[in-house]
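The chain contents come next:
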Amino acid sequence: MEIVHVSAECYPVAKAGGLGDVVGALPRFQQELGNITKVIMPMYRTTFLYKHDWEVVHKAGANLGFSWFDFTIIKEKSDLLGFELYLVDINGLLDREKVYGYDDDTERFCAFQIATINWINAWSKLPDVVHVHDHHTALIPFMMQHCYGFERLKSIPTVLTIHNAQYQGIFGWNKTIYIPQWDSWKRGMLEWNGNINPLATGIKCAWKVTTVSNTYLHEMRSMSNGLEPLFEYEKGKSMGILNGIDFKVWNPETDNYLNNHFDKTSSEAGKRANKNILCETFGLDKEKPLFVFIGRLVGEKAADLLPQAIIDSFNYIGRKMNFLILGSGENEVEEKLNQLKSISQKDFNVYIGYNEKLSHQMYAGADFLLMPSRVEPCGLNQMYAMRYGTIPLVRKTGGLMDTVIDLGEENGYGITFNEASVGNITHAIFRAVKLFHEKQSFHSLRRKIMELDFSWDHSAQQYVDLYKNL
Ligand code: NHF
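Values in this document were obtained by computation on a predicted structure and should not be read as measured data.

Section: helix α11 (residues 331-340)
Residue pairs spaced three or four apart in an α-helix point in one direction, given the helix's 3.6 residues per turn.
Link 1 in the chain: Regarding α11, the residues found buried are Val333, Glu334, Leu337 and Leu340. Buried residues of α11, viewed axially, fall in a sector of 120°; they line one side. Facing away from the buried surface of α11 by more than 90 degrees, the exposed residues are Asn331, Glu332 and Gln339.
Link 2 in the chain: Where the residues of α11 are buried, they touch α10 (306-317), β13 (322-327) and β14 (348-352).

Points about unusual backbone geometry
Link 1 in the chain: Tyr11 connects to Pro12 through a cis peptide bond whose omega is 10°.
Link 2 in the chain: One can find Pro12 in the loop between β1 (2-6) and α1 (18-32).
Link 3 in the chain: Unlike most non-glycine residues, Asn193 shows phi in positive territory, near 50°.
Link 4 in the chain: Structurally, Asn193 can be placed in the loop between β8 (191-192) and β9 (195-196).
Link 5 in the chain: Positive phi is not limited to glycine here, since Asn411 has a value of about 60°.
Link 6 in the chain: Note that Asn411 resides in the loop between α14 (398-403) and β17 (415-417).
Link 7 in the chain: Residue classification places Asn411 among the exposed residues on the basis of a relative accessible area of 55%.

Some remarks on the packing of aromatic side chains
Link 1 in the chain: All chains considered together, the criterion is met by 16 aromatic pairs.
Link 2 in the chain: Summarising the aromatic geometry, the rings of Trp250 and Tyr388 are spaced 6.1 Å apart at their centres and angled 75° between planes, so their arrangement reads as edge-to-face. Placement of the pair is Trp250 in the loop between β11 (238-240) and α9 (267-282) and Tyr388 in the loop between α13 (381-387) and β16 (391-395), with a sequence separation of 138 residues. Taken as a pair, Trp250 and Tyr388 share a single burial class, namely buried.
Link 3 in the chain: Ring centres of Phe314 and Phe323 lie 5.6 Å apart, and the angle between their planes is 70°; this geometry places the pair in the edge-to-face category.

Describing the environment of Met220
Link 1 in the chain: Within the secondary structure layout, Met220 lies in helix α7 (residues 214-220).
Link 2 in the chain: Remark: the alpha-carbon pair of Met220 and Phe231, spanning eleven residues in sequence, is separated by 6.4 Å.

Digging into the site of the ligand
Link 1 in the chain: Surveying the vicinity of the ligand reveals the residues Gly18, Leu19, Val22, His163, Val212, Asn243, Lys301, Glu376, Pro377, Cys378, Gly379 and Leu380.
Link 2 in the chain: At 2.5 Å from an oxygen atom of the ligand is found a side-chain nitrogen or oxygen belonging to Glu376.
Link 3 in the chain: Interatomic distance of 3.0 Å between a backbone N/O atom of Cys378 and an oxygen atom of the ligand.
Link 4 in the chain: Burial of the ligand by the surrounding chains reaches 92%, relative to a free accessible area of 300 Å².
Link 5 in the chain: Residue composition of the shell around the ligand, by class: six nonpolar, four polar and two charged.

Rules behind the numbers
Residues numbered from 1 in each chain as written. Predicted model: local features only at pLDDT ≥ 70, side-chain atom pairs only at ≥ 80, totals over all residues. Heavy atoms only, no water. Buried < 20%, exposed > 50% of the residue type's maximum accessible area, 1.4 Å probe, protein only. Helix = DSSP H or I, 4+ residues; strand = E, 2+ residues; numbered from the N terminus. Arc of directions from axis to C-beta. Contact = heavy atoms within 4.5 Å. Phe/Tyr/Trp six-rings, centres within 6.5 Å; stacked < 30°, edge-to-face > 60°. Near = heavy atom within 4 Å. Polar contact = N/O pair within 3.5 Å; in protein donor to acceptor, adjacent residues only side chain to side chain. Areas by Shrake-Rupley, 256 points an atom, 1.4 Å probe, with all protein chains shown as cover. Nonpolar A, V, L, I, M, F, W, Y, C, P; charged D, E, K, R; others polar.

Structure below.
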């Protein structure tokens, strides 16, 4: 089967979040299952671009509204990612350093989608399925169905995977000319609450819609930033498929970022050695349990609750634990966390920024991972943490609910709580500190979570089965 993924991100080419991780891994696993898998993404100006060899495979032009743009498709020569990687180069629009966050993002991603399907339309043999991800590519199913220029693509099945429904790419009807000549009877497919809403359009037009966990799909019917009735209406063609993690990248036995490798039999000594380095680097106390938070410091992740939860833990539980935070995001949260450094008694530190290497070292050296997210479509960090023997403390939402079972339940292995509140987080920390001192259960729990199978094998097959049904 020939599968085409279209995405704004793909690790290690360009990544802003979990979407990049997924599109960097899933296609490789599908290729390993015997399919021809292609990823098409914008050509940003990232270091990956300059470090690898490329060949030009297609050159053409198209209209974006009344203006004409030229585009070039280049292919990475050696398929080093384990699938065919194609970049769409559009000068003046996609040639930027960052993936998102520009005033003309609507124009950029419309042009990217137009160029992509123009190119696919020129293939002599069409693919078996076109799989798009999030709102940046969600107009493609509409274009394939209802734009006059792409009649030939009408019968190719399309799948939309929603990694995060909070972002929908909404724009006004004044920009409708950006969509190549379309059947005006189909206006309702573009419209949602008076605007053009690419994510809603994708949900309506894709043959199948998937979310990255089952629970997230259910949550979307009551809480999806305005799309609730649409998720309810389209539930018949929607399903949740849990993300996996890439065991080649996330392996404590071989991880290049680690100074001390370990497996489940050597986890006690291995984690201790990694923790020692972390504690020395960040001025923390090696003997106390180490809690880490890794991720964007934004409301979605409930990062705003962390400063008070840390203060309350110190006040009510005592100075019995360390905290180390890695991430960047809202100024106010960053400032509050920075201020907390002044009350540290060798038990708190924060690194503001993005640091892939440090994140690996933190998964390896920490005892517990905090994930109090308000919204978590799947969540990858809790799976990375468990692979590295770090026990997750998570709010019961989205994919966190599908991947972490509370210790109090049968076969449980993590700590869960219901509300994203300071009180709930502090209580979870209290439970974790207690667990840390029950040495035997703590170490056997570590070994247990390291054995859990969150690999891509199962999920990659589920997608392939889904395509086959289409
Ligand atoms: O895992 C990849 C990721 C999810 O929960 C994560 C999120 C964004 O918020 O599917 O996308």
